[in-house]
Structure formats: structure tokens, C-alpha cells
There are 2 protein chains.
Amino acid sequence: MSFEFEIVAEDGNARAGWLHTPHGTIPTPIYCPVGTQASVKMIPPRDLHEMQASLILANTYHLHLRPGSDLIRELGGLHQFMVWDQPILTDSGGFQVFSLAQINKIDDDGVTFRSHIDGSKHRLTPEISMQIQENLGADIIMCFDQCPTPTDRAVVELAVRRTHEWARRCRQAHPDDSTQALFGIVQGGVFPDLREQSALFLQTLDFPGYAIGGLAVGETKTAMYETIDVTTPFLPRNKPRYLMGVGDPDDLVEAVMRGMDIFDCVMPTRVARHGAALTLDGRINMRNAEHSRDQRPVDPGCLCYCCQNFTRAYIRHLLKAEELLGLYLLSYHNVHFLIKHMEAIREAILQGRLREYGQRFLTRYLRRPL
Amino acid sequence: MSFEFEIVAEDGNARAGWLHTPHGTIPTPIYCPVGTQASVKMIPPRDLHEMQASLILANTYHLHLRPGSDLIRELGGLHQFMVWDQPILTDSGGFQVFSLAQINKIDDDGVTFRSHIDGSKHRLTPEISMQIQENLGADIIMCFDQCPTPTDRAVVELAVRRTHEWARRCRQAHPDDSTQALFGIVQGGVFPDLREQSALFLQTLDFPGYAIGGLAVGETKTAMYETIDVTTPFLPRNKPRYLMGVGDPDDLVEAVMRGMDIFDCVMPTRVARHGAALTLDGRINMRNAEHSRDQRPVDPGCLCYCCQNFTRAYIRHLLKAEELLGLYLLSYHNVHFLIKHMEAIREAILQGRLREYGQRFLTRYLRRPL
């Protein structure tokens, strides 16, 4: 089977595995760089290969609006279009419809909205989302869901009901996982009973993977971790588990320890464009004057192209001078940092020492008193 | 001698040679990418190596204002700062002072001006320009000159007189070319007698190379070519000749045929940032709708990273979606195009068929009727 998921080691609730796809095998746990508009911002694909990226995410909402999924299908699909021959995951468009677009109407059938680009009117339904994602041709595709504010129970209950009905329709529209694996998305906000109910319902549709959605949208980190804790016991052990939109280095450690396998987040490239570098000692604002004469690399222990070649002084100069090369170098470093961070986490699981590794990492990264 | 210039072939007035510098040997004729603020815009140094760039230009005016040449000297010099271990050329700051800054006062001693960045007041004189360029540590440095509108005779005459006096002072401040070669700059606008006078005067100062300045600033191409024609007979044959700020593909052919050796121009990266690609058939606006379904590379005959991997359709999408990767890929292609264009010109000189090569190129590039 194309999408076999092999767990090769467990350490507490954490798992290390291989997820096989038609475009190659993904080591899990995995951090997945985000190529919103069919480009991981500023980073050419050969750089992503160099830093051993595996799975890349692209956004259905954005690509549907521009350049259109019919065009991408006509041009050979998303892999060929964006020149990424390894696995790709597309989201369903749900999250962006609710966060970016101007909504005209949500009903039980779907959502009518206006494009954030040109105000043009569009409609997404479970069936349309499946059609778009089939046009794009990603290896892993996602059910169209409603992603609500996670703390308002009445709103969340309605969203869960819709998400389940939409998941059923997505499954019906995409019953065969042999070339594209359709993952279900558990909703339920911060309410344990709704998460349990959602996790159990989705399994009746027999998805090859399950995501936890609706987190990292404003709730506390504690609430996020607790929600993972109450959800994973109701997810099947032998299927990959995807925590959507989460990628802070500390969250990756906490969530892997809680049994999650796949992660995506725009944070590394977004903070790079604001001049911040991720390091084991937390984020560094590379625009600060303290770096102006600093001959050290951004992260002295890092083996990436940026850190092996350039000084903090040079990168600060590039940022101050508004040279895009500075944003590129920080984007490269930050994505590389998360990929290598996750490789280290996976290695710790394989060696059965994730708890020790995680505690040491969190103490340093969060600058907790020892 | 560090800066020996060997002419290995001549074809009409054109010459192919080697210019030896402390950071390596430059094949001539050479197109030199411009790293205004110590970065060739968007292109990391390893990409410049890959496309076999040799000499890189950086701007004294910009680096003096930000981050300051003292800082760059303290950090090991410009080669180390911008991670370019091959030859670098710095201009004198003259051109930018006259084109970018708000001038407060030009006198025979120098120029007082306000920074275009923050309005702060600065002064450049021949001696200060030499000091800054010695701090930066480029292999080839330039005399501080006054670059006037080339068509107003009275203005040009005064500028020539100042340029000569300033060249004399630069020579006095930098008498030794063993680690940094100081080139003189011929001024004289479009006036043949002034160009002759300037070329002859500068030779009394025995520079290891000579530039023609004050062109490509608004005069016609015919006037530019004629000015080269009337100047080169008065330049020594055995010294490199640098045509400042010129880099249109057709101008490179015309100027090499007239005996020029070194060229710099921001055009390739600038037009890339406006979405244009250089090809043998002229410039292509990659934003045009006609490219939206085009599976061909930007330039089907091109061997660069952009053209070997990406379609016009993808690049157009990136430009429309305002993804910086699109500007990077076009910048890469355009700089690569000019470097390879000049390699082909050099090869034609070595084979003694530059006239034929040049005519064929110009016919195609300028879409002249056959």
C-alpha cells in the first residue's frame, strides 16, 4: 500500500516512524515547511533538498484563487509546477476561508466567500475542496472542515457537527487513498468531550491519517497541550497524527512527547522576514545593534549555509540596508533549524531518551531556571 | 606584479586577456555583477560562484554611509564581510554623490552632501575616498571623480579639470598598486577633444588601468559608441579599460568591439525585480498573461538553475503572487545571462570571429531585419 505507516520506535507516547507515499518516504516525526502559494517563501527547492526537507505543505485556498487548480493540473500537477519531487500535503482551504477571506455565507453545504486578493466571489464545499486537491495532486490531502474560535462551546459544537458531515462528504468524494491519502481533521476546540467525540466519529470513516485542527489559534499553550493529551488516546495508534499549524520549537517537543507525528508552520519564514533567527537559546533579533560587530554566525553550532558562511554583523547589515539576501539567509537558517530540531527529536526517540532530550532542550530554549 | 594584464588575443580592436589580482585572475572582457551594499541583490555568493562570476563591484558611497568602512575594515575587509573570495572592485563614491545624495557644496577640494538614507551630513574628497576604499580593501579601486551631465560643454570642462586634479590627489594618497590597483577615470562627456585631453593627462599619473566614466547617463547609444571610439586611441593598449555602468547586452558587444575590457551594470538584477528576463531575443516581460500556461523555461537555450528547472508558467505565477522566489530566479537568470554572454564574446575573440558573432547577436537581440 502506498501510504503504509511504520512505527519503528516508541518512547513514552512518542513514536518514530516512516510514512510511505508515492513521492517518497517521510521520516516521522516531521516538520513540514509551508509553501503557501507553491513556494516556501524565498527558498528555492534545491535548498530545501539540501536541508533534507521531506514533506512540503501548500495551501488549497491560495492556489485555488491564484493561479487556479485547473491550470496546475494542466501543467502536470503541483509537484511538477513547483519542482518538488518529494511528498506534498495540501490543506483543505477551510482554515484560510475562515481566517483570510471575507465570508458571505456559511451553511451546512459549504462556504461562500470573497477572495482577499480581488474581492471575487467563490464557493468551497467538501466536494469542491476534494476536486481542487485532486487537481493539485498532493500526496496527502485534507478534509474540508470548519475551524472555529476554540473557546466558545456553542460555536465549537456547531463546527464539530459540520466538520463531521463535511468529512463524510469528503470521504464519499474521495473514497480511494491509493494515490492521494485523505486525512480527517478532529475539531472540538478546548473541550475534551467534543475532541473525543470527533476523534471517534472520524474513525468510522477509516482515514489513513488524522489531524488535530483548530489549535494554535489563540488558546494558551497549556490548553493546546491538554487538548492533545485528551485527544490522542482516541486516535488509532497505527495511523499518522498531524498537528496542524504548530511549529514553535518548544511546541514540537511537547507535541511529539504527546504522540503527534506531523507538523507545519509558517513561523520560521515569517519571523525571518521580521529579522529574527531561531536558535537553541531562543529567538534572536538580528537587527539589534549588539550584532553590528559580531563575527560569530547566527547560531555557532549550526551547519547550515547561512551559519557556515556569514557573520551576524553581515546579516545585521543586510537587514538594516533592506537587502533581501538577509531575509533569505535567515529564512534558510530558520527552516533548517526546525528540520534539524525535528531530526534530533526523532533520533532521541530512536535512542529511548526523548524525555531527557526534551527537558534539556526546553530548559535552554525557554531559558527556564535550572 | 600582482595586477599584470596579459592580452592573449586580439580581434579588430577587441582584446581577450587575463587580469591578475591578489584574489585571483579575471578573464577579460568581463561583466561584473554589482553588489551595491555588499550584496548582489538577492543572489548568495555560492550562486555567483556557480555561474562563474569573477569580479564583483561594490559601492563606496553606500558602504561608507552604511555600515561604514571602518567597521568593514575591523571585520576583516569587504571580501571577508560579504564572503566573496574572488576579485572585488569599488567605485569612488563620485557617481553616487552626484546622482543620489543631496549636494550641499562642490568645491575644488571635494563634495559636502547629505545622505539619501537619513539626511546626515558627510564629506568626500579624493583623500577620503582613498581612505574608505583602502578600508574596504577591494582589489581594484577608483579615483574620485566628478561625473557631469555629458552634453553641457562648460559643465563638462569644469568637471574634467576637477577630475584631473582629484586624480592627481588620489594618486598621491594611493601611490602603491601592489595590493590595490588604482584606476583613473577619463571624463569629457561627448566631446572628443576633452576625452583625448583627459585620457592623455591621466596617463601622466601612470595608473594600472583606465576607466571611461560619465557615459550611460542619458546620452544616445550612438553618442556612447562614438565617445568610446574617440577615447580608446588615447588609452594605453597594455592596460585594462573599464566602461563604467554599462551592461546592456548590445552595448557589451559594441564596446568590446571598440576595445573595452571591464563592465558593470545593475540592469540585470533591476529589471529582474520588475519581472523582466534577458534572452537572446531581447527582454521578456514574464508577468504577461501569454506565459501563464507556458511550460518552456524562460530561455530554452539557457543552462542556468532557473531555466533548467522552472517553467515560465511557474515564474509568472510567482511574480503575480508576489513571491520573492520569482524575483530571485529572474535575478539569477539575468546575471547568468550577462556572464555567459560575455564568455561567448571572449570565446569569439579567441577564435577571431567577433565581428561575425557580434553581428549575429545584435541582429537577433535587437530584432533587426536581416
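Only a predicted model underlies this, so the values are computations on that prediction, with no experimental measurement involved.

K.L.:
When you look at the packing of helix H6 (residues 126–136) of chain B against helix H7 (residues 153–173) of chain B in this model, what are you seeing that I'm missing?
P.N.:
Angle between the axes and distance between the axes are the two parameters that describe a pair of packed helices. Residues and elements named next belong to chain B. Put simply, H6 and H7 touch, their axes get as near as 8 Å, and they point 45° apart. Between H6 and H7, the angle is such that the two are oblique. Judged by the sense of rotation from one axis to the other, the crossing of H6 with H7 is right-handed. Here H6 contributes Pro126, Glu127, Ser129 and Met130 to the contact with H7, which in turn contributes Trp166, Arg169, Cys170 and Ala173. Classifying every residue of the contact of H6 with H7 by side-chain character gives five nonpolar, one polar and two charged.

K.L.:
So what exactly am I meant to see when it comes to the interface of chain B and chain A here?
P.N.:
The parts lose accessible area when they come together, and the size of an interface is often stated as this lost area. Taken residue by residue, the interface counts 30 residues in chain B and 30 residues in chain A. Among the elements of the structure, helix H3 (69–74), helix H4 (78–82), helix H13 (312–320) and helix H14 (324–350) of chain B are those that each provide at least two residues to the side of chain B that touches chain A. Element by element, the count of residues in the side of chain B that touches chain A is highest for H13(B), at five residues. A per-class count over the side of chain B that touches chain A returns 17 nonpolar, seven polar and six charged.

K.L.:
Help me understand unusual backbone geometry, please; the structure alone is not making it clear to me.
P.N.:
One can expect most non-glycine residues to show negative phi and most peptide bonds to be in trans. Residues and elements named next belong to chain A. Omega for the peptide link from Arg66 to Pro67 comes to 10°, which places this bond in the cis form. Structurally, Pro67 is set in the loop between helix H2 (60–65) and helix H3 (69–74). The phi dihedral of Ala216 falls on the positive side, at around 55°, and the residue is not glycine. Along the chain, Ala216 turns up in the loop between strand S12 (210–212) and helix H9 (221–231). Classification of Ala216 as partly exposed rests on a count of 19 C-beta atoms within 10 Å.

K.L.:
Teacher, can you tell me more about the packing of H13(B) against H14(B) here?
P.N.:
All names here are of chain B. Interhelical geometry of H13 versus H14 gives an angle of 130° and a closest axis separation of 7 Å. In this view, H13 runs oblique relative to H14, as classed from their interaxial angle. When you trace H13 past H14, the crossing you get is left-handed. Every residue of H14 that contacts H13 at Ile315, Leu318 and Leu319 is listed here: Leu325, Gly326, Leu329 and Leu330. Here the residues of the contact of H13 with H14 sort into six nonpolar, one polar and no charged.

K.L.:
Help me out: how do you make sense of the sheet that holds strand S2 (residues 14–21) of chain A in this one?
P.N.:
All names here are of chain A. Overall, antiparallel pairing links the three strands, which are arranged S1-S2-S3 in an open sheet. The sheet is open, and its two borders are formed by strand S1 (5–11) and strand S3 (24–28), each paired with just one other strand. Each neighbouring strand pair of the sheet contributes to a mean axis angle of 10°, computed without reference to strand direction. As paired elements, S2 and S3 share five bridges and run antiparallel to each other.

K.L.:
How do you make sense of the relation of the copies chain B and chain A when you look at a structure like this?
P.N.:
Both copies of the chain are related through a single rotation about an axis accompanied by a shift along the same axis. Superposing chain B onto chain A takes a rotation of 180° combined with a translation of 0.0 Å along the rotation axis, leaving an RMSD of 0.0 Å. These values place the two chain copies in the arrangement generated by a two-fold rotation axis. Interface overlap between copies is the fraction of interface residues in one copy that are interface residues in the other; for chain B against chain A it reaches 100%, indicating a shared surface.

Calculation notes
Residues numbered from 1 in each chain as written. Chains lettered and ligands numbered in written order. Predicted model: local features only at pLDDT ≥ 70, side-chain atom pairs only at ≥ 80, totals over all residues. Axes fitted to C-alpha atoms, helices over the stretch in contact; angles between N-to-C directions. Helix = DSSP H or I, 4+ residues; strand = E, 2+ residues; numbered from the N terminus. Parallel < 35°, antiparallel > 145°, perpendicular 65-115°, else oblique. Left-handed = near helix turned anticlockwise from the far one by under 90°. Contact = placed C-beta atoms within 7 Å. Nonpolar A, V, L, I, M, F, W, Y, C, P; charged D, E, K, R; others polar. Buried ≥ 20, exposed ≤ 12 C-beta atoms within 10 Å, placed from the backbone. Pairing = 2+ DSSP bridges. Least-squares fit on C-alpha atoms with pLDDT ≥ 70 in both.

In short, geometric facts, not functional conclusions.
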